[in-house]
Structure formats: structure tokens, C-alpha cells
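Letter by letter, the chains look like this.
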Amino acid sequence: MANTPKNAKLQVFGRVAAGVVGGWLFAWGFVALGITLLSAAGMGYGDAQTLAFLLAFLLYLTVFLWSFAASSLTRVGLVLVGGGVLMTALAWLMSRQA
């Protein structure tokens, strides 16, 4: 199928949405899991939170840019949303064990 102007606009919108929303979910999961793991390793909660947020800023930028570079928009959505949900669920399960 040729990239018609309407299809091209839809592709750009999909990639922006995947980058913004999917990147936010992925970064959220990363922060939740990072804080949980660092706290379990003995780091203070405030320090773990600060480190996780600083790293999440770089991660968010990376996955946002990746959402435009990847060849498949479906893969981008699955990795970002699926990874974010998986990391959040893992952090939640680990926090329930403590």
C-alpha cells in the first residue's frame, strides 16, 4: 500500500502517541521497578527515587526517539506498553513481599 497523505498523517500520529503515552508507561514501570529494586538492595528510598527518576528521563527520551526509528509501529506499542505494564506489575509484586 502506498503512503497516501492520510496514511502518512496516521503513521505520524501513531508514532507520536506511541512515543508519548507508551514512553510514559515504560518510564513509569522503570521507575517503579527501579525504586523497588534499589530499596531492596539497601539504598535509601529518597536516593533510590532520585536515581530512578534521573535515569527515567534519559530512558524516556531514548524510547520516544526509538518509536520513530523502529520499523514496526505495532512492535513499538507492544514493547513500550507491555514492558511498562510488566515492570509495574513486577514492582508491585516485589513490594507486596516486603
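Above this note sits the structure.
Residues numbered from 1 in each chain as written. Predicted model: local features only at pLDDT ≥ 70, side-chain atom pairs only at ≥ 80, totals over all residues. Heavy atoms only, no water.

Caption draft 1: Summary view of the nonpolar core. Grouped together as the largest cluster of nonpolar side chains are nine residues: Ala-18, Phe-26, Leu-33, Val-63, Ala-70, Val-76, Leu-80, Met-87 and Ala-91. Every element with two or more residues in this core is listed here: α1 (5-40) and α3 (73-97). Here this core takes four residues from α3, the largest share from any one element. Setting aside residues no more than four positions away along its own chain, Ala-18 makes contact with Gly-23, Leu-73, Val-76 and Leu-80. Listed in part, the five residues of the second largest apolar core include Ala-27, Val-31, Ile-35 and Ala-56. (Core = buried A, V, L, I, M, F, W, Y, C linked by side-chain atoms within 4.5 Å. Buried < 20%, exposed > 50% of the residue type's maximum accessible area, 1.4 Å probe, protein only. Helix = DSSP H or I, 4+ residues; strand = E, 2+ residues; numbered from the N terminus. Contact = heavy atoms within 4.5 Å.)

Caption draft 2: Layout of the environment of Phe-64. Considering the arrangement of structural elements, one finds Phe-64 in helix α2 (residues 45-69). Along the chain, Phe-64 and Trp-24 lie 40 residues apart, while their C-alpha atoms are 9.0 Å from each other. In this structure, Phe-64 is in contact with Val-16, Gly-19 and Val-20, ignoring residues within four places of it in sequence.

Caption draft 3: Expanded view of a nonpolar patch on the surface. A grouping of Val-12, Val-16, Val-20, Val-21 and Phe-68 is seen on the molecular surface, where their side chains present a nonpolar patch of about 380 Å² in accessible area. The dominant element in the nonpolar patch, judged by the number of residues it contributes, is α1, at four residues. Relative to the elements of secondary structure, Phe-68 occurs in helix α2. Judged by relative accessible area, Phe-68 falls into the partly exposed class, the value being 38%. (Patch = residues over 30% accessible without salt bridge, like charges linked within 9 Å, V, L, I, M, F, W, Y side chains within 5 Å. Areas by Shrake-Rupley, 256 points an atom, 1.4 Å probe, with all protein chains shown as cover. Salt bridge = Lys/Arg side-chain N within 4 Å of Asp/Glu carboxyl O.)

Caption draft 4: Quick peek at the packing of aromatic side chains. Counted by the stated rule, this structure contains three aromatic pairs. Seen from their ring centres, Trp-24 and Trp-28 are 5.4 Å apart, and the 35 degrees between their planes marks the pair as tilted. Here Trp-28 and Trp-24 lie together in helix α1, a separation of four residues that amounts to about one turn. Trp-24 sits in the partly exposed class, given a relative accessible area of 48%. Judged by centre distance (5.4 Å) and plane angle (65 degrees), the ring pair of Phe-64 and Phe-68 falls under edge-to-face. In this pair, Phe-64 and Phe-68 are both assigned in helix α2, four residues apart and thus about one turn of the helix distant. Here Phe-64 falls in the partly exposed class, since its relative accessible area comes to 23%. Cluster of aromatic residues (ring-pair linked, three or more members): Tyr-60, Phe-64 and Phe-68. (Phe/Tyr/Trp six-rings, centres within 6.5 Å; stacked < 30°, edge-to-face > 60°.)

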